[in-house]
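Chain and residue survey
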Amino acid sequence: MMTEPTSPIVTRFAPSPTGYLHIGGARTALFNWLYARGRGGKMLLRIEDTDRARSTPEAIDAIFDGLKWLGLHWDDEPIFQFQRAVRHREIAEALLAVGRAYRCYASQEELQEMRETARKEGRPPRYDGRWRDRDPSEAPADRSPVIRLKAPQEGETVIEDLVQGRVTWQNKDLDDLVLLRSDGTPTYMLSVVVDDHDMGVTHIIRGDDHLTNGARQAQIYEALGWPIPKMAHIPLIHGPDGAKLSKRHGALGVEAYRAMGYLPEAMRNYLVRLGWSHGDQEIFSTEELISLFDLNRVGRSAARFDFAKLENLNGLYIRNSSDEYLVDALEKFLPELPDGADLAPRFSVLRARVLAIMPGLKERAKTLIELFDGTRFLFAERPLQLEEKAKTILSDQARAILGRAIPMLEATEWKSVPLDAAVRQLAEQESVKLAAVAQPLRAALTGKSTSTGIFDVLIALGKDESLARLRDQAGKTVAA
RNA sequence: GCUCCUUUCGUCUAGCGGUCCAGGACGUCGCCCUCUCACGGCGAAAACACGGGUUCGAGUCCCGUAGGGAGCGCCA
């Protein structure tokens, strides 16, 4: 079969390192990654660090770490935009040379005035092009100019967006943007165009806050005679109240989600469904996502971030993970816990017990924090600190039952079936429901009112430790 | 203010002119399972923003209105 020779897909993720990798950025990276991976292409990483004052090495590390944690591996070496400033300047000069750009000497005061006037007259605040056709001899000697693009003043600029569809701007509404600042450094608008071109980017997938930039960048491509990459502007993520995502809701760095005990694969599944769908399907393996993801299935309206759904999905991923995987995940997760450093040495010692309790535990936990909390009784020192509810359960009567349970359990083989039979038999002898025996056992064994199945607890703790904990709490009275 | 985008259950969404008195998922509520808490099972309530068109027929196409969002820098 003949196949059309297609140029390989190249996408890019281009964050500016001025803070953490926030959740919206993570989703943008995910979409870029999926789109490229599903088509045998590459996803490149470009750090847009041209804002020297706000860019920090910590933020760069946060981006690298966040992407790695999510498993979104980029191709080739990351590009640092600032290092390419010379190239950007060359392009601006080239545009100047061919008359597609010009020097503008307008002062900040003049620009300010223009904006105010325009606003007053109900027009968009725009540069009025006063240096566009002025003779260079009129240039003031004491002022260094910026270089502006000589943008078309009539007609329209159109973007055929893969998500938004055809979007049109009247050129009269777009002004002559600055390409090169008066200090000779390139602006973002110029840098992005030159870098995307030089990196061979074929598909620009980014937040729709860049949609207007897309139009202005299209004008730069036009002036340069370069082909315009395909663009896809994906809707933004909003907070639960519909307003722009802020720190208050979910605009945390991805490291914050890691600390909250979310699994990266659950995170990815949640994020991809924010704006993208494949019929009614909710759960996707990574392989499925790579093969199914497409831009034409991305919606055009903003989605609200919903922790409840993320948590549910995370619980589902935990339940479907193997016990070994979860024990490893917990061990790696320890540093995120306040007392993690103290627990780490004991964790490796008690690892087998953690593994033993895992099948029952993973049905109950929605986050790694909850999962770990479920194992804490294994680490507890005798005599146990009892939670309030556990104290309530351990009434005198309950303690008396425990007292009678001890000799019985001592004589029982420490396996699930015999233990089950023994406890049930005791309940029968006491003429109480199973709960009236199980709950006191649970309270004495774990210090809590809830846990995994009581027989699992007995087995994970082992015979000696279990009986010791029961003796700690049992009532002395045997005769009533 | 101007430009652009957007509007289906509380939330994420399915729906690409008739098969929709609108489907799934999360959340909520009820019942079942049950040693607790979960898991699981069953069931319920819950939406096409509004107004005009086009059409035999509109959630689906067009135009307004209203709401929401983004952008309008010598920031990125």
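Residues numbered from 1 in each chain as written. Chains lettered and ligands numbered in written order. Predicted model: local features only at pLDDT ≥ 70, side-chain atom pairs only at ≥ 80, totals over all residues. Heavy atoms only, no water.

**Some thoughts on the pattern of salt bridges**
The tally for this structure, following the rule as stated, stands at 33 salt bridges. Among the ionic pairs, Glu 430 bridges to Arg 404, the shortest N-O distance being 2.5 Å. Pair noted here: Glu 430 is in helix H18 (residues 416-430) and Arg 404 is in helix H17 (residues 396-410), with a separation of 26 residues, a long-range link. For Asp 420, the salt bridge is made with Arg 424, and the minimal N-O distance between the two is 2.4 Å. Of this pair, Asp 420 and Arg 424 both sit in helix H18, four residues apart, which is roughly one turn of that helix. Residue classification places Arg 424 among the partly exposed residues on the basis of a relative accessible area of 43%. Among the charged side chains, a network of salt bridges with common partners joins Arg 12, Arg 46, Glu 48, Arg 84, Arg 87, Asp 195, Asp 196 and Asp 198. (Salt bridge = Lys/Arg side-chain N within 4 Å of Asp/Glu carboxyl O. Helix = DSSP H or I, 4+ residues; strand = E, 2+ residues; numbered from the N terminus. Buried < 20%, exposed > 50% of the residue type's maximum accessible area, 1.4 Å probe, protein only.)

**What about the packing of aromatic side chains?**
A full pass over the atoms with the stated rule returns 13 aromatic pairs. When the centroid spacing of 5.7 Å and the interplanar angle of 40° are considered together, the rings of Trp 276 and Phe 293 count as tilted. One end of the pair, Trp 276, is in the loop between helix H8 (264-272) and helix H9 (286-292); the other, Phe 293, is in the loop between H9 and strand E12 (303-304), and 17 residues separate them in sequence. Connected via pairs of aromatic rings, a cluster forms that spans Tyr 257, Tyr 262, Tyr 270, Phe 305 and Phe 307. Geometry around Tyr 35 places Arg 39 over its ring, the cationic atom sitting 3.8 Å from the centre. (Phe/Tyr/Trp six-rings, centres within 6.5 Å; stacked < 30°, edge-to-face > 60°. Lys NZ or Arg CZ within 6 Å of the ring centre and 35° of its normal.)

**Digging into the packing of H18 against helix H19 (residues 434-446)**
The interhelical angle for the contact between H18 and H19, taken along N-to-C directions, is 120°, at an axis separation of 8 Å. The orientation of H18 relative to H19 falls into the category oblique. Viewed along their axes, H18 and H19 form a crossing whose handedness is right-handed. For the pair formed by H18 and H19, the contact residues are Val 423, Arg 424, Leu 426 and Ala 427 on the first element and Leu 434, Val 437 and Leu 441 on the second. Split by residue class, the contact of H18 with H19 holds six nonpolar, no polar and one charged. (Axes fitted to C-alpha atoms, helices over the stretch in contact; angles between N-to-C directions. Parallel < 35°, antiparallel > 145°, perpendicular 65-115°, else oblique. Left-handed = near helix turned anticlockwise from the far one by under 90°. Contact = heavy atoms within 4.5 Å. Nonpolar A, V, L, I, M, F, W, Y, C, P; charged D, E, K, R; others polar.)

**Concerning the side chain of Asp 196**
Among the secondary structure elements, Asp 196 is positioned in helix H5 (residues 188-198). You can call Asp 196 buried: its relative accessible area is 0%. The contacts of Asp 196, once residues within four sequence positions are left out, are Arg 12, Arg 46, Val 201, Ile 204 and Tyr 221.

**A look at the protein's contact with RNA strand B**
Looking at RNA strand B, there are 70 residues lining it, with Arg 126, Arg 181, Gly 275, Arg 364 and Arg 442 nearest. Restricting attention to atoms of RNA strand B within 4 Å of the protein, one finds that 70% of them are sugar or phosphate atoms. At 2.9 Å, a side-chain N or O of Glu 363 approaches a sugar or linking oxygen of RNA strand B. A total of five residues in the surface near RNA strand B trace back to one element, the largest contributor, which is H19. Here the surface near RNA strand B is built from residues that sort into 20 nonpolar, 24 polar and 26 charged. (Near = heavy atom within 4 Å. Polar contact = N/O pair within 3.5 Å; in protein donor to acceptor, adjacent residues only side chain to side chain.)

**Regarding helix H4 (residues 108-120)**
The end-to-end C-alpha separation of H4 is 18 Å, in line with the 18 Å expected for 13 residues at 1.5 Å each. Within the sequence span of H4, burial applies to Glu 110, Leu 111, Met 114 and Ala 118. The buried residues of H4 occupy an angular sector of 100° when projected down its axis, which confines them to one face. Along H4, exposed side chains directed more than 90 degrees from the buried face belong to Gln 108, Glu 109, Glu 113, Arg 119 and Lys 120. (Expected span 1.5 Å × (residues − 1). Arc of directions from axis to C-beta.)

**Section: unusual backbone geometry**
The bulk of non-glycine residues show a negative phi, and the bulk of peptide bonds are trans. Cis geometry is adopted by the peptide bond preceding Pro 383, which originates at Arg 382 and carries an omega value of -10°. Here Pro 383 shows up in the loop between helix H15 (376-379) and helix H16 (388-393). The backbone of Asp 76 shows a phi angle near 60°, a positive value even though the residue is not glycine. By secondary structure assignment, the location of Asp 76 is in strand E3 (residues 75-80).

**Side note on the nonpolar core**
One finds Phe 31, Leu 67, Phe 293, Leu 371, Leu 409, Leu 441 and Leu 470 to be the most contacted residues of the largest nonpolar core, which totals 101 residues. No other element matches the nine residues that helix H1 (residues 23-37) contributes to this core. Excluding residues within four positions of it along the chain, Leu 470 makes contact with Leu 402, Ile 406, Leu 409, Leu 441, Ala 444 and Leu 445. Within the second largest apolar cluster, 32 residues are counted, among which are Leu 180, Met 189, Leu 211 and Trp 226. (Core = buried A, V, L, I, M, F, W, Y, C linked by side-chain atoms within 4.5 Å.)

Any functional reading would require information that these geometric values do not contain.
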